[in-house]
Amino acid sequence: MFYNKKYLLIFIVFVYTCISALASDFTVHKLPNGQTLVVQEVKTNPIVTIDTWIKTGSINETDSNSGVAHFLEHLFFKGTKKHPAGEMDRILESKGAIVNAATSKDFTHYYITLPSEYFDVALDLHSDMLSDPQIPRKELEKERKVVIEEISKDENTPSKQVYENLNSLMYLNHPYKRKVIGSAEVISTITREDILDYFNNFYTPSNMVTLVIGDVDTDKVIKAVQNSFNSEYRKPLKKTFKKEHQIQTQRRKSEYLDTQTGYMMIGFRSEDINDSNTYALDVLAQILGGGKSSKLYRDIKEQKGLAYKISASNGSFRDDGILYITANFLPTNAEKLEKAIFDEISYIQKYGVTDEELNTAQKMIEQETYYSRESNSNIAEELGYIFTLTGSSDFYRDYITNIKKVSAKDVQTVAQKYLGINRSAVSIALPKSMKKVSEKAEVKHTAKKISTNNGIDKYLIDNNSTLLINKHDNNDIVAINIIAKGGEFLEQTIGEGTLASGTILKGTQKYSAEELLPQGFKCPKCGKTHFIKENDIM
């Protein structure tokens, strides 16, 4: 699963050695088995969310088991010794529960939201599933087909394919280069033993963060979780990876898919959450494409009409970060759209941002952050992400304060440091029909010289059109005149020649009517700007 939040959070794990209240509205507890427990009492509604995060994802995979974390996420729901396959689903469904899970590069998490009166039942099922999955071979083979179908679906979804292509451009060596969902080749052959090896290595309580948010009593929750995840402490397995080098020359990948519209993602390597520039990068992303007041939305979508949708977000992972720009557009606008995006970036790099743009972005981030914290499940998700990757509540507590400290100069500085054409990766998907057009455009025509008369060279082009070239050194101006047979003599319908000549400058597949308007040029001799008159165009 790819998280597309405005800010994604990442820290190195920091272990608390005692039970302490880190913020006024939630408490953090370190259990004897090494598990971190976060509890927040929310008494406004009789609802509770139980959410357990495991500090592993595709980052801890290899080429031989790529996709195992996601596959295992599916298999956890296939029964334990106490609860055979299907029983958990029936029990929780009868209680009105919402049950799901997600896998990403740095984590996997499993959550249940249901009426708080059923907390004990839900916790028993939740802990049993995460502690003692049986992975029956019959269920394994069934789910293998389900995951392979998911992979196939992703490969035929343009937006997913554009993201995966971008990811492969961003990372050439780091484990982030692998698809979270894995490959059909690996999933079709991976054994039950390989899956259990991954489970035994990473699914230990000391590698887990469990959050209980809702209508509960903190002391009772602590005792209940400690009893449910009752096992001895085992040191978690931690892996470190060398940071990928920054992009120095633009990387590109284009694909022609079954789609009617164009998809584009542009990525720039940014920073993980430990870097102080993360806050300025979040603000920069908001100014660029964080909403209807953003520069990309206002200038590119609304004014120029080059995109149906366009947005920007800054994502931070455990080992790195990416600032994304995502767009959906009319396929013939691909080149213009890309140029317009880089022009907006170049403008910020050169001239910075206004105080009004800065203040608007900061207020939007503050509003969205506080709004998301009104939901139990959202609180669990944000805190879970932070604690899983940082071991601390500092980011949760200080995020808005640090966003407000960002200055206009800070935004310009990170734009100059991390953005630009040579630091970018560009992934594009276009309709298959455009591949034929592109291939035709690459055909090189030949011309055969026929004669020379009074300094005029006459050529016959292989498409049977005639080319006349008259060279002179009077000035540095080039004049192009195209004459086609037509007029009243060849009209089959009266007026069609006049209609054709009147609409020929109203736009093509490649250029808009505005771009075909007469353009001025500066004369190198007199220094004045001259304009071609429309009636000079035959």
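Residues numbered from 1 in each chain as written. Predicted model: local features only at pLDDT ≥ 70, side-chain atom pairs only at ≥ 80, totals over all residues. Heavy atoms only, no water.

**Remarks on the overall build of the protein chain**
Summing up its helical and strand segments, the protein chain has 17 helices and 17 strands in all. For the protein chain, the proportion of its 538 residues judged to be buried stands at 47%. Of the contacts made within the protein chain by residues no fewer than 6 positions apart, 78% connect residues no fewer than 24 positions apart. Surface summary for the protein chain: the accessible area is close to 28,700 Å², and the carbon and sulfur share equals 51%. (Helix = DSSP H or I, 4+ residues; strand = E, 2+ residues; numbered from the N terminus. Buried < 20%, exposed > 50% of the residue type's maximum accessible area, 1.4 Å probe, protein only. Contact = heavy atoms within 4.5 Å. Areas by Shrake-Rupley, 256 points an atom, 1.4 Å probe, with all protein chains shown as cover.)

**Details of the packing of aromatic side chains**
Enumeration according to the criterion identifies 20 aromatic pairs in this entry. Judged by centre distance (4.9 Å) and plane angle (40°), the ring pair of F76 and Y203 falls under tilted. Linking F76 in the loop between α1 (68-75) and α2 (87-94) with Y203 in the loop between α7 (192-202) and β7 (208-214), this pair joins segments that are 127 residues apart in sequence. Taking 5.4 Å as the distance between ring centres and 75° as the angle between the ring planes, the aromatic pair formed by Y171 and Y176 counts as edge-to-face. Across the pair, Y176 and Y171 agree in class, each one buried. Here R373 stacks its cationic end above the ring of Y396, 3.8 Å away from the centre of that ring. (Phe/Tyr/Trp six-rings, centres within 6.5 Å; stacked < 30°, edge-to-face > 60°. Lys NZ or Arg CZ within 6 Å of the ring centre and 35° of its normal.)

**Focus on the sheet that holds strand β10 (residues 309-316)**
Spatially, five strands are ordered β8-β12-β9-β11-β10 in an open sheet, and the strand pairing comes out mixed. Looking at strand neighbours, the two that pair on one side only are β8 (251-257) and β10, the edges of this open sheet. Going across the sheet, the axis of each strand differs from the next one's by a mean of 15°, ignoring polarity. Bridge count for β10 against strand β11 (residues 321-329) is eight bridges, and the pairing is antiparallel. Within β11, the position partnered with I310 by the bridge is A327. (Pairing = 2+ DSSP bridges. Axes fitted to C-alpha atoms, helices over the stretch in contact; angles between N-to-C directions.)

**Comments concerning the sheet that holds strand β15 (residues 466-470)**
The strand order β13-β14-β15 describes an open sheet built from three strands, whose pairing is antiparallel. Among the strands making up the open sheet, the edge pair consists of β13 (447-453) and β15. Averaged over all pairs of adjacent strands, the angle between their axes in this sheet comes to 25°, without regard to strand direction. Judged from the five bridges that link them, strand β14 (residues 456-461) and β15 form a sheet pairing that is antiparallel. For D457, the partnering residue across the bridge sits in β15 and is I469.

**Structural notes on the pattern of salt bridges**
On inspection of all chains with the given rule, the structure shows 23 salt bridges. Measuring nitrogen to oxygen at the nearest pair gives 2.8 Å for the salt bridge that ties R373 to E382. When its relative accessible area of 15% is taken as the criterion, R373 is described as buried. We classify E382 as buried; its relative accessible area is 2%. Each of the salt bridges in this network shares a partner with another, and the network as a whole consists of K295, R298, D299 and E357. (Salt bridge = Lys/Arg side-chain N within 4 Å of Asp/Glu carboxyl O.)

**Quick word on the nonpolar core**
With 64 residues, the main nonpolar core has I325 and L337 as its most contacted residues. Per-element tally for this core: the top contributor is helix α9 (residues 277-289), with eight residues. Leave out the neighbours within four places in its chain, and L337 touches M264, I300, L306, A307, I310, A327 and F329. Judged by nonpolar contacts, the second largest core, of 46 residues, contains V39, I54, M129 and Y203. (Core = buried A, V, L, I, M, F, W, Y, C linked by side-chain atoms within 4.5 Å.)

**Some words on unusual backbone geometry**
Here the phi dihedral of I135 falls at roughly 45°; this positive angle occurs in a residue that is not glycine. By the element assignment, I135 lies in the loop between α3 (119-131) and α4 (137-155).

**Concerning the environment of K239**
Following the sequence through the fold, K239 ends up in the loop between α8 (218-228) and β8. Given a relative accessible area of 32%, K239 falls into the partly exposed group. Each C-alpha atom, one on K239 and one on T56, is 9.9 Å from the other, the two residues being 183 residues apart in sequence. Discounting residues that sit within four places of it in the chain, K239 has contacts with N60, F202 and R318.

**Observations concerning the environment of Q35**
Here Q35 is to be found in the loop between β2 (26-30) and β3 (36-41). Residue Q35 is classed as buried on the basis of its relative accessible area, which comes to 0%. Separated by 169 residues in the primary sequence, Q35 and T204 have C-alpha atoms spaced 8.3 Å apart. Excluding its chain neighbours within four sequence positions, the residues that come into contact with Q35 are H29, K30, P205, S206, M208, T210, V225 and F229. A polar contact of 2.7 Å, which involves the side chain of Q35, links it to the side chain of T210. (Polar contact = N/O pair within 3.5 Å; in protein donor to acceptor, adjacent residues only side chain to side chain.)

**Here's the deal with the packing of helix α11 (residues 334-351) against helix α15 (residues 408-418)**
As a packed pair, α11 and α15 sit with axes 8 Å apart at the nearest point and diverge in direction by 125°. By the criterion of interaxial angle, the relationship of α11 to α15 is oblique. As α11 runs across α15, the sense of the crossing is left-handed. Two secondary-structure elements touch here, α11 through I348, Q349, K350 and Y351 and α15 through Q412, A415 and Q416. Here the residues of the contact of α11 with α15 sort into three nonpolar, three polar and one charged. (Parallel < 35°, antiparallel > 145°, perpendicular 65-115°, else oblique. Left-handed = near helix turned anticlockwise from the far one by under 90°. Nonpolar A, V, L, I, M, F, W, Y, C, P; charged D, E, K, R; others polar.)

**Structural notes on the confidence of the model for the protein chain**
Of all residues in the protein chain, 87% have pLDDT values of 70 or greater, and the mean over the chain is 87. Across the protein chain, the secondary-structure element scoring lowest on mean pLDDT is strand β1 (residues 20-23), at 34, and the one scoring highest is strand β9 (residues 262-269), at 98. Taken as a whole, residues 1-24 scores under 50 in pLDDT and shows 85 contacts with residues more than four places along the chain or in a different chain. (pLDDT = per-residue confidence, 0-100.)

**Brief notes about α3**
Owing to its 3.6 residues per turn, the α-helix aligns residues three or four sequence positions apart on the same side. Counted at 1.5 Å a residue, the expected span for α3 with its 13 residues is 18 Å, and the 18 Å between its end C-alpha atoms agrees. For α3, the full list of buried residues reads F119, A122, L123, L125, H126, S127, D128, M129 and L130. Looking at the packing, one finds that the buried side of α3 touches β4 (47-54), α2, β6 (108-115), α7, β7 and α8. (Expected span 1.5 Å × (residues − 1).)

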